[in-house]
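Residue-level listing of the chains:
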Amino acid sequence: MSAATSAAMDAPANGSNGAADAALGAAVGDAAGGGRARRRAPDKLCAEAVDLARGVAEEAARPGPLGPYLGAVAEGDRLVTHLFASEEPGYRGWRWGVTVTRAARAKHVTIDEVALTPGPDALLAPRWVPWSERLRPGDLRPGDLLPAEFDDPRLEPGYAPPAGEETGEETEEEAREEEAAEPLRGTIAEVAGQLGLGRRRVLSWYGLQEAADRWQEGFGPETPMAHAAPASCVSCGFLVPMAGALRQAFGVCANEFSPADGHVVSLSYGCGAHSEAAESPKPEPPAPPVIDHLGADPL
């Protein structure tokens with residue numbers, strides 16, 4: 001706060017306002033002229049009200065003790081916050097802040113608010129993360145619902161809507177109500193259902209790529225099991241082919257003794273349970289008898 005501004009604020013009310021107006025005009029002129037920003041100086045009466053702030057802070061901190069005085073911060077014109085260290089267990093680095101103020105040209109300081117606020121080294125809770133970002137594979141339990149967002153990049157419309165039909169956000173409940181209210185004779189939805197294309201949304205190209213990368217990481221050619229395998233899954237008799245665009249790179253393992261049983265595997269994956277891993281051992285022929293009981297003894 002500049003000296004001109006202080007002079008304008010401290011000018012008496014019962015005297016001539018010429019000096020105050022001149023000082024205030026000088027302060028405004030300094031600000032308009034792009035003067036160097038200065039740190040706000042706390043109001044003198046509000047800054048001296050430490051005992052008043054301490055009494056209020058002790059009352060707010062009860063039954064716990066109040067820590068030492070940490071200083072004052074100017075929040076605005078005739079608005080000062082006094083800071084006291086908190087001794088509450090679990091609130092390391094927190095501070096009790098008591099904000100005091102006074103009216104213009106008044107000498108009586110009053111309490112504005114009291115709050116427990118964190119300091120620069122305060123112990124804080126982790127940053128809140130939305131549930132959609134906290135969710136991980138395997139978190140879904142029986143009875144839980146995980147609806148896909150309308151603009152989920154992994155999905156795209158399963159069929160083109162009729163001309164003039166709005167493609168805005170529509171909930172599943174609204175879609176069911178429309179289907180129940182209007183017959184589907186001759187509509188795109190009816191024809192798509194007859195052709196097996198009745199799903200409203202299908203995997204997009206982004207969704208296919210994301211799934212392929214995830215499956216490749218779990219059961220792909222770079223895993224330790226695949227490196228030690230005698231052959232790849234593409235030649236295994238327990239491989240169940242997939243349908244669609246991913247059949248050229250993936251299949252489903254159906255060998256109960258394989259670690260990938262029931263999982264989608266890359267055709268380049270492999271394990272020791274390959275159907276053609278090795279030939280079954282043949283039984284060895286019996287050793288010839290020591291005494292020949294089948295022949296005749298010489299006379």
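Residues numbered from 1 in each chain as written. Predicted model: local features only at pLDDT ≥ 70, side-chain atom pairs only at ≥ 80, totals over all residues. Heavy atoms only, no water.

Enquirer: When you look at unusual backbone geometry in this model, what are you seeing that I'm missing?
Expert: Most of the time, phi is negative for any residue but glycine, and the peptide bond is trans. Of note, the bond from Arg62 into Pro63 is cis; its omega dihedral lies within 30 degrees of zero at 5 degrees. Relative to the helices and strands, Pro63 resides in the loop between helix 4 (50–61) and strand 1 (66–76). For Arg78, which is not glycine, the phi dihedral falls at a positive 55 degrees. Following the sequence through the fold, Arg78 ends up in the loop between strand 1 and strand 2 (79–86). (Helix = DSSP H or I, 4+ residues; strand = E, 2+ residues; numbered from the N terminus.)

Enquirer: How should the packing of aromatic side chains be read in this particular structure?
Expert: For any pair of aromatic rings, geometry is given as the distance between the ring centres together with the angle between the planes. Under the definition given, this model contains 4 aromatic pairs. Between Tyr91 and Trp94, the ring centres sit 5.3 Å apart and the planes meet at 85 degrees, which makes this aromatic pair edge-to-face. Look at Tyr91 and you get partly exposed, because its relative accessible area is 36%. With a centroid separation of 5.5 Å and an interplanar angle of 85 degrees, the aromatic rings of Phe219 and Tyr269 are classed as edge-to-face. With Phe219 in the loop between helix 8 (205–218) and helix 9 (224–227) and Tyr269 in the segment after strand 9 (264–266), this pair connects stretches of sequence that are 50 residues apart. (Phe/Tyr/Trp six-rings, centres within 6.5 Å; stacked < 30°, edge-to-face > 60°. Buried < 20%, exposed > 50% of the residue type's maximum accessible area, 1.4 Å probe, protein only.)

Enquirer: In this structure, what is going on with the sheet that holds strand 7 (residues 239–241)? I would like to understand it.
Expert: Across a sheet, strands are paired by hydrogen bonds formed along the backbone, either parallel or antiparallel in direction. Spatial strand order, 7-8-9: 3 strands in an open sheet with antiparallel pairing. Either end of the sheet is taken by a strand with one partner, and the two such strands are strand 7 and strand 9. Here the strands of the sheet are splayed against their neighbours by 50 degrees on average, with no regard to which way each runs. (Pairing = 2+ DSSP bridges. Axes fitted to C-alpha atoms, helices over the stretch in contact; angles between N-to-C directions.)

Enquirer: I would appreciate a short explanation of helix 8 in the present structure.
Expert: Spacing of three or four residues puts side chains on the same side of an α-helix, whose turn is 3.6 residues. With 14 residues, helix 8 extends 20 Å between its outermost C-alpha atoms, agreeing within 8% with the 20 Å of an ideal straight helix rising 1.5 Å per residue. Taken as a whole, helix 8 has its buried residues at Gly207, Leu208, Ala211 and Ala212. On an axial view of helix 8, the arc spanned by its buried residues comes to 130 degrees, and they lie on one face. Exposed and oriented more than 90 degrees from the buried face of helix 8 are Trp205, Asp213 and Glu217. Tucked inside the fold, the buried residues of helix 8 contact strand 6 (201–203) and strand 8 (250–253). (Expected span 1.5 Å × (residues − 1). Arc of directions from axis to C-beta. Contact = heavy atoms within 4.5 Å.)

Enquirer: I tried to follow the nonpolar core on my own but got confused; where do I start?
Expert: General note: in soluble globular proteins, nonpolar side chains tend to be found buried as a group. Grouped together as the largest cluster of nonpolar side chains are 12 residues: Cys46, Ala49, Ala53, Ala57, Ala61, Leu66, Val80, Phe84, Trp96, Val98, Val100 and Val109. Mapped by element, the contributors of at least two residues to this core are helix 4, strand 2 and strand 3 (94–101). The contact partners of Leu66, leaving out residues within four places of it in the chain, are Arg54, Ala57, Glu58, Ala61, Phe84, Ala85, Glu87 and Trp96. Judged by nonpolar contacts, the second largest core, of 10 residues, contains Leu239, Cys253, Leu267 and Cys271. (Core = buried A, V, L, I, M, F, W, Y, C linked by side-chain atoms within 4.5 Å.)

Enquirer: Any chance you could explain the environment of Ala106 here in plain terms?
Expert: If you trace the backbone, Ala106 turns up in the loop between strand 3 and strand 4 (110–118). Each C-alpha atom, one on Ala106 and one on Leu45, is 9.6 Å from the other, the two residues being 61 residues apart in sequence.

Enquirer: What should I look at first to understand a nonpolar patch on the surface in this one?
Expert: On the surface, Trp131, Leu135, Leu140 and Leu146 cluster together into a nonpolar patch covering about 380 Å² of accessible area. As for its placement among the helices and strands, Trp131 is situated in helix 5 (residues 131–134). (Patch = residues over 30% accessible without salt bridge, like charges linked within 9 Å, V, L, I, M, F, W, Y side chains within 5 Å. Areas by Shrake-Rupley, 256 points an atom, 1.4 Å probe, with all protein chains shown as cover. Salt bridge = Lys/Arg side-chain N within 4 Å of Asp/Glu carboxyl O.)

Enquirer: How should the confidence of the model for the chain be read in this particular structure?
Expert: The predicted coordinates should not be examined in detail at positions where pLDDT is low. Looking at the chain, the pLDDT average stands at 77 and 70% of residues meet or exceed 70. Here residues 1–37 scores under 50 on pLDDT; set against residues more than four positions off or in separate chains, the count is 24 contacts. (pLDDT = per-residue confidence, 0-100.)

Enquirer: What is the right way to read the pattern of salt bridges from this model?
Expert: Think of it this way: side chains of opposite charge can pair up when their charged atoms draw near. With the rule as written, the count across this model stands at 2 salt bridges. The salt bridge involving Asp152 is made with Arg154; its shortest N-O contact spans 2.7 Å. Judged by its relative accessible area of 11%, Asp152 is buried. Arg154 sits in the partly exposed class, given a relative accessible area of 39%.

Enquirer: Would you take a moment to explain the side chain of Asp152 for this structure?
Expert: Among the secondary structure elements, Asp152 is positioned in the loop between helix 5 and strand 5 (155–157). Within the local environment of Asp152, its side chain forms a polar contact with the side chain of Arg154, the two groups lying 2.7 Å apart. (Polar contact = N/O pair within 3.5 Å; in protein donor to acceptor, adjacent residues only side chain to side chain.)

Enquirer: Would you mind going over the pairing of strand 1 with me for this structure?
Expert: Look at any regular strand and the pattern is simple: side chains alternate between the two faces of the sheet. In terms of strand pairing, strand 1 meets strand 2 through 7 bridges, oriented antiparallel. Of the residues in strand 2, the one forming a bridge with Ala72 is His82. The hairpin turn running from strand 1 into strand 2, its antiparallel successor, is 2 residues long, and Arg78 in that turn takes a positive phi close to 55 degrees.

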